[in-house]
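A look at the structure
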Amino acid sequence: MQLTTQPTGTPVTVTYWMSHAWLGTHVEPGVLLEVSGGRVAGVRTGVDTPPPGATALHGLTVPGLANTHSHAFHRALRSTVQVGSGTFWTWRETMYRTASRLTPDTYYDLARATYAEMALAGITAVGEFHYLHHAPGGTPYDNPNAMGEALIAAAAEAGIRITLLDTAYLAAGFGEKPNRHQTRFSDGTADAWAERASLLQGDDDLVVIGAAIHSVRAVPAEQLATVARWARERSVPLHVHLSEQTAENDACLAAHGRTPTRLLADHGVLGPATTGIHNTHLTPEDIELLGASRTGTCMCPTTERDLADGIGPADALQRAGSPLSLGSDSHAVIDLFEEARAMELNERLRTHVRGHWTASALLRAASADGHAALGRPDGGTLEPGAPADLTTVALDSVRTAGPVPRLGAEAAVFAATAADVRHTVVAGRHIVRDGRHTRIEDVPGALASAVAALHR
Ligand SMILES: [Zn+2]
């Protein structure tokens, strides 16, 4: 490896040789990628063998994957919520019980292990939709951002980028105070939320601080503009859960005489820096409003099917002008390849037609459009100047062997799983090497102990 080292030990120049790289439209064999200062400094094609000093990445290398929507603590619910039957609303009761047990220390342990799982799945950036702000009962911690800062520290330890979408969550429903579970989420008013969120610090590279409106249920209409203004003044992303459930639409129509999308539009929430999460149950006018304003859509298909939400109109949204990104949300599984193909396969089931998105289009949703939604519009390509984030998928596993390498994107999107990720590089740093996390030796062990601590 060609490498010079700063006094801090941070590698500033490194060269990766990729046996195959997806360059946005096609698979290219033998590509050399030079990294300087955490960014792509040069790309050379037609390099048949790894030059001396270069780190070889065998398989298909794609730009680092972006997990646009995450609630880290939901990882503790995996499998426990698969017993019995129910709805989104009964699932939520179990989720609240887990939330009630978290402290800054246990939140850090769980998030560190969860983000390490993401790194092993080829994810280089996470959008953490964070609403668990205060101690049980709603009392602020001495450091009012102790929970958010635990998440930022966890991402740093796991070696991935984080966009902390600090979330305003002020009400249980239209005109309803927070219930006993939700007091931990609420700052009381949007102004108080803004005051606390303003104390958080990003670094414009690995850590971006953004904003979120939990949903139209959770932020009173007259306070929506306060959160939107805060994000706009800082030019940071603004995310919002939108029409995941028909009950939310019904309650919004009863309270305000308009759909959640129309309510957000009327209060200045929509726009190109805004991403609606789910966007499942929309009217044709909602789709037009989201598309015309270039508001993004983050689909979370593995969660939406797990919670029996329904299938959102991703194809129609994209045609109207809404960029599509993907998130693992409740972490029923953490696998961006599965999210990508599920979006396409859901549409096939609904329409009885195959091929709504190409493998390349699905990879763009899993990378470039996700990074843009997380406040990094230059992410998700392997071009000079882009953040040097790489994900290498094996093309010789039992799932991916067989197709010729030029079909590598199709193999990755339609057949690979997170278990096929061999390398993850973040800002030029080799975070996952040959399928092993380079900083956290025993990720399954870390997950097991972090989850067990919440069930004691
Ligand atoms: Zn969510």
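Residues numbered from 1 in each chain as written. Predicted model: local features only at pLDDT ≥ 70, side-chain atom pairs only at ≥ 80, totals over all residues. Heavy atoms only, no water.

**Some thoughts on the coordination of the zinc ion**
Protein-derived ligands of the zinc ion are His69 (NE2), His71 (NE2), His241 (NE2) and Asp329 (OD), with the metal-ligand distances lying across 2.1 to 2.8 Å. When the donors of the zinc ion are listed by position in the chain, the intervening gaps give H-x1-H-x169-H-x87-D. One end of the pair, His71, is in the loop between β6 (65-70) and α1 (88-99); the other, His241, is in strand β10 (residues 238-242), with 170 residues separating them in the sequence. Per residue, the accessibility class of His71 equals that of His241, and both read buried. (Donors = N, O, S within 2.8 Å, 3.2 Å for Na, K, Ca; no water. Helix = DSSP H or I, 4+ residues; strand = E, 2+ residues; numbered from the N terminus. Buried < 20%, exposed > 50% of the residue type's maximum accessible area, 1.4 Å probe, protein only.)

**So, the pairing of strand β3 (residues 27-36)**
As paired elements, β3 and strand β4 (residues 39-45) share six bridges and run antiparallel to each other. Of the residues in β4, the one forming a bridge with Ser36 is Arg39. (Pairing = 2+ DSSP bridges.)

**Some details on the environment of Thr438**
Positionally, Thr438 belongs in the loop between β17 (436-437) and α15 (443-455). Sequence separation between Thr438 and Gly53 is 385 residues, and the spatial gap between their C-alpha atoms is 19 Å. Polar contacts involving the side chain of Thr438 include one to the main-chain carbonyl oxygen of His430, which spans 3.0 Å. (Polar contact = N/O pair within 3.5 Å; in protein donor to acceptor, adjacent residues only side chain to side chain.)

**Some points on the side chain of Glu347**
Structurally, Glu347 can be placed in helix α11 (residues 336-351). A distance of 2.9 Å separates the side chain of Glu347 from the side chain of Arg350, its partner in a polar contact. Among residues more than four places away in sequence, those in contact with Glu347 are Gly312, Ala314, Asp315, His352, His356 and Trp357. (Contact = heavy atoms within 4.5 Å.)

**Re the UniProt feature "domain: Amidohydrolase-related" (unreviewed entry) in the chain**
The UniProt entry lists residues 62-429 under the feature "domain: Amidohydrolase-related" (unreviewed entry), expressed in the numbering used here. As annotated, residues 62-429 comprises 38% helix and 16% strand, and the C-alpha atoms at either end are separated by 15 Å. (UniProt positions renumbered as here; feature names shortened; annotations may be inferred.)

**Looking at the environment of Gly268**
Within the element layout of this structure, Gly268 appears in the loop between α7 (260-266) and β11 (274-278). As a C-alpha pair, Gly268 and Ala247 span 21 residues in sequence and 23 Å in three-dimensional space. Not counting residues up to four positions away in its chain, the partners in contact with Gly268 are Ala228 and Arg232.

**Quick notes on unusual backbone geometry**
In the Ramachandran plot, Asp329 falls in the positive-phi region, its phi being about 50 degrees despite a non-glycine side chain. Looking at the secondary structure, you find Asp329 in the loop between β13 (324-326) and α11. On the accessibility criterion, Asp329 (4% relative accessible area) is buried. A positive phi angle is found at Ala427, which is not glycine, with a value near 50 degrees. With respect to the element layout, Ala427 can be found in the loop between β15 (421-426) and β16 (429-433). The exposure class of Ala427 is buried, given its relative accessible area of 6%.

**Let's talk about the pattern of salt bridges**
In the structure shown here, the tally under the stated rule is 18 salt bridges. Here Asp266 ties to Arg258 by a salt bridge, and the two come within 2.8 Å at their closest N and O atoms. Judged by its relative accessible area of 38%, Asp266 falls in the partly exposed class. We classify Arg258 as partly exposed; its relative accessible area is 31%. (Salt bridge = Lys/Arg side-chain N within 4 Å of Asp/Glu carboxyl O.)

**Some remarks on the sheet that holds β13**
Read from one edge of the open sheet, eight strands run β6-β7-β8-β9-β10-β11-β12-β13, paired in parallel fashion. With one partner strand each, in any of the chains shown, β6 and β13 form the two edges of the open sheet. Between one strand axis and the next, the sheet turns through 25 degrees on average, direction left out of account. Where strand β7 (residues 123-130) and strand β8 (residues 161-168) come together, six bridges link them in parallel fashion. Counterpart to Phe129 in the pairing with β8 is Leu165. Packing against the sheet, α11 makes contact with β6, β7, β12 (296-299) and β13, and its axis sits at approximately 140 degrees to β13. (Axes fitted to C-alpha atoms, helices over the stretch in contact; angles between N-to-C directions.)

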